[in-house]
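# Remarks on the overall topology
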Amino acid sequence: MESFKQLASDNGRQISCKIQVGNKVYYDGRILKFDFTDVTHGDYFTIGTTCSNEFSFTVTDYAEHALQTKVNAYISFDGGSNWLRLGVFYVAKRYFRGNCATFACYDQMSDLNVPLAGNVASSISGHADTLLAEVCRQGGITFSGTCGSFKTYLPHPSTTLREIIGYIAALHCACAKFDRNGELVFIKYSEMPTEILHAKNCMKIRRYITRAEIKGLRSTNDLDTLRWGGRERFTTLEIYNPYMTQATLNSIGEKLDGLYFYGAEVEMQGLPYLEAGRFILLEDADETLTPIVISEIKYHYDGGLTAKLFSRNKEDADPDVKRSEFEKTVADILEIINELKTKI
């Protein structure tokens, strides 16, 4: 992976792509473009999310691949000797125009909005590991990782597989997503980042002034509200979780206590080893390192690979928040300076 990262971050890199749809493989000559959206926090940082990733592509072919056909997408920077899989997706929509076909695909998370079978639910022992194993069996998915035996129950017969996964992930101080190999994983939070996104790989950096820091938790269910830490609006994570206990919330609070990052939008060279959900360090043009979270990263390929990264902070996402004139001025000046440095 280290050699792949080095090749991906080089300025003179050569990109190769292939997309396997069912038994058919498309290479660069047939691939006109693709867009890959990898997202963990659609609104702002929290735990227990279960976002679905999207992959859409256009090829010069009129083959009518069936809905739900499996799609594997790969990218290489060494002429095709080593490939990185971007994910495992399934065809959801198809469009045809002339000799071109466009396919919109999603990962398996989008198929899990179905309730847990009631006749099986009553026989589950009531622990997270057993419950998750049953969810995976019914959903036809594979979980990669470990799951604790937290006490659980089914709050309502209509509770979906996707909701249950989110509840269990939150108990682990994590978000749930499907990784590049198409396996369900928990992205856990407890440590500050070490991975660096270097300024040389960024075309435009907009980092927001406001620092997001976790100082409180508030977990609700249909009957009760549990709290840990402070109660200030923008430093408190709001969670709905019927499986949460005060002891578990306290443990999560201890892991997240003092964790901080900044909101940002970054237009950058596409570095496909960067995945949503991860905390990284963003290097500014002056070599200052700032912690950010990859809430969402959108990759675009049309012969070259670019990306747009979003670090979403609760305060920046709130439409009612108004920055002071001073903060706005500083933000605008920093943006102008960064733009000038990239042109030098």
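Residues numbered from 1 in each chain as written. Predicted model: local features only at pLDDT ≥ 70, side-chain atom pairs only at ≥ 80, totals over all residues. Heavy atoms only, no water.

Judged by pairing direction, the sheet is mixed, and its three strands sit side by side in the order 13-12-14 without closing on themselves. Both edges of this open sheet fall to strand 13 (225-229) and strand 14 (236-240), since each of them pairs with a single strand only. Pairs of neighbouring strands in the sheet enclose a mean axial angle of 10 degrees, with direction left out of account. Taken together, the five bridges between strand 12 (residues 216-220) and strand 13 define a ladder with antiparallel strand orientation. Paired with Thr220 across the two strands is Thr225, which belongs to strand 13. (Pairing = 2+ DSSP bridges. Helix = DSSP H or I, 4+ residues; strand = E, 2+ residues; numbered from the N terminus. Axes fitted to C-alpha atoms, helices over the stretch in contact; angles between N-to-C directions.)

The backbone of Gln68 shows a phi angle near 75 degrees, a positive value even though the residue is not glycine. Here Gln68 shows up in the loop between strand 4 (54-59) and strand 5 (70-76). Of note in this structure, Glu287 is not a glycine but carries a positive phi near 70 degrees.

As a further point, take the packing of helix 3 (residues 128-139) against helix 4 (residues 161-171). Running from N to C, helix 3 and helix 4 cross one another at 150 degrees; their axes reach a closest spacing of 10 Å. On the basis of their axis angle, the class for helix 3 and helix 4 is roughly antiparallel. As for how helix 3 packs across helix 4, the hand of that crossing is left-handed. Contacts between helix 3 and helix 4 involve Ala128, Leu131, Leu132, Val135, Gln138 and Gly139 from the former and Leu161, Ile164, Ile165 and Ile168 from the latter. Here the residues of the contact of helix 3 with helix 4 are counted per class, giving eight nonpolar, two polar and no charged. (Parallel < 35°, antiparallel > 145°, perpendicular 65-115°, else oblique. Left-handed = near helix turned anticlockwise from the far one by under 90°. Contact = heavy atoms within 4.5 Å. Nonpolar A, V, L, I, M, F, W, Y, C, P; charged D, E, K, R; others polar.)

What follows covers the pairing of strand 16 (residues 279-283). Consecutive side chains of a regular strand alternate in pointing toward one face of the sheet and then the other. Across the five residues of strand 16, five count as buried, placing the element largely inside the fold. The two faces of strand 16 match: Phe279, Leu281 and Glu283 on one face and Ile280 and Leu282 on the other face are all buried. Sheet topology note: the strand 16/strand 17 (residues 289-293) ladder contains five bridges and is antiparallel. Its bridge partner lying in strand 17, Leu281 is registered against Pro291. Counting the residues between successive antiparallel strands, the hairpin from strand 16 to strand 17 contains five residues, one of them, Glu287, with a positive phi of roughly 70 degrees. (Buried < 20%, exposed > 50% of the residue type's maximum accessible area, 1.4 Å probe, protein only.)

Turning next to the packing of aromatic side chains. Summed over the entire model, instances satisfying the criterion amount to 19 aromatic pairs. Between Phe45 and Tyr189 the ring centres are 5.0 Å apart and the planes differ by 85 degrees, which places this aromatic pair in the edge-to-face class. Note that Phe45 is positioned in the loop between strand 3 (31-39) and strand 4 and Tyr189 in the loop between strand 9 (184-188) and strand 10 (196-197), a separation of 144 residues in sequence. Here the two residues Phe45 and Tyr189 agree in accessibility, since each one is buried. Ring geometry for Tyr153 against Tyr243: centres 5.9 Å apart, planes inclined by 75 degrees, an arrangement best described as edge-to-face. Placement of the pair is Tyr153 in the loop between helix 3 and helix 4 and Tyr243 in the loop between strand 14 and helix 5 (246-256), with a sequence separation of 90 residues. Accessibility expressed as a relative area gives 45% for Tyr153, which makes it partly exposed. (Phe/Tyr/Trp six-rings, centres within 6.5 Å; stacked < 30°, edge-to-face > 60°.)

This part covers the layout of surface pockets. Of the volumes computed, that of the largest pocket is approximately 660 Å³. Broken down by secondary-structure element, the contributors of at least two residues to the lining of the largest pocket are strand 9, helix 5 and strand 16. With four residues, helix 5 is the single largest residue contributor to the lining of the largest pocket. Residue classes in the lining of the largest pocket are distributed as 15 nonpolar, six polar and eight charged. (1 Å grid on protein atoms, 1.4 Å probe; cavity = no way out; pocket = protein on both sides within 12 Å on 5 of 7 lines; lining within 4 Å. Points joined across faces, edges and corners; volume = space filled by probe spheres on them.)

Okay, the confidence of the model for the chain next. Should pLDDT be low for a region, the predicted coordinates there are not to be read in detail. Summary statistics for the chain give a mean pLDDT of 88 and a share of 89% for residues scoring 70 or more. Across residues 319-323, where pLDDT falls below 50, the model places six contacts with residues more than four positions away in sequence or in other chains. (pLDDT = per-residue confidence, 0-100.)

Another aspect to go through is helix 3. Here helix 3 contains twelve residues, and its C-alpha end-to-end distance of 16 Å stays within 8% of the 16 Å for a straight helix at 1.5 Å per residue. Two residues or fewer after helix 3 comes Gly140, characterised by a positive phi angle close to 65 degrees. (Expected span 1.5 Å × (residues − 1).)

Right, let's get into the pattern of salt bridges. Summed over the entire model, instances satisfying the criterion amount to twelve salt bridges. In this structure, Lys5 and Glu195 form a salt bridge, with 3.1 Å as the shortest nitrogen-oxygen distance. Within this pair, whereas Lys5 is found in helix 1 (residues 2-9), its partner Glu195 is found in the loop between strand 9 and strand 10, the two being separated by 190 residues in sequence. Owing to a relative accessible area of 18%, Lys5 belongs among the buried residues under this scheme. In this structure Glu195 comes out as partly exposed when scored by relative accessible area, which is 28%. Salt bridges sharing common partners tie together Asp38, Lys177, Arg180 and Glu275. (Salt bridge = Lys/Arg side-chain N within 4 Å of Asp/Glu carboxyl O.)

The next point concerns the nonpolar core. Ile165, Tyr189 and Leu256 are the most contacted members of the largest nonpolar core, which totals 45 residues. At eight residues, the largest contribution of residues to this core is made by helix 4. Setting aside its immediate chain neighbours within four residues, Ile165 contacts Thr50, Leu112, Leu132, Val135, Ile141, Ala176, Leu184 and Phe186. Counting residues in hydrophobic clusters, the runner-up holds 44 residues, among them Val91, Cys202, Ile280 and Leu305. (Core = buried A, V, L, I, M, F, W, Y, C linked by side-chain atoms within 4.5 Å.)

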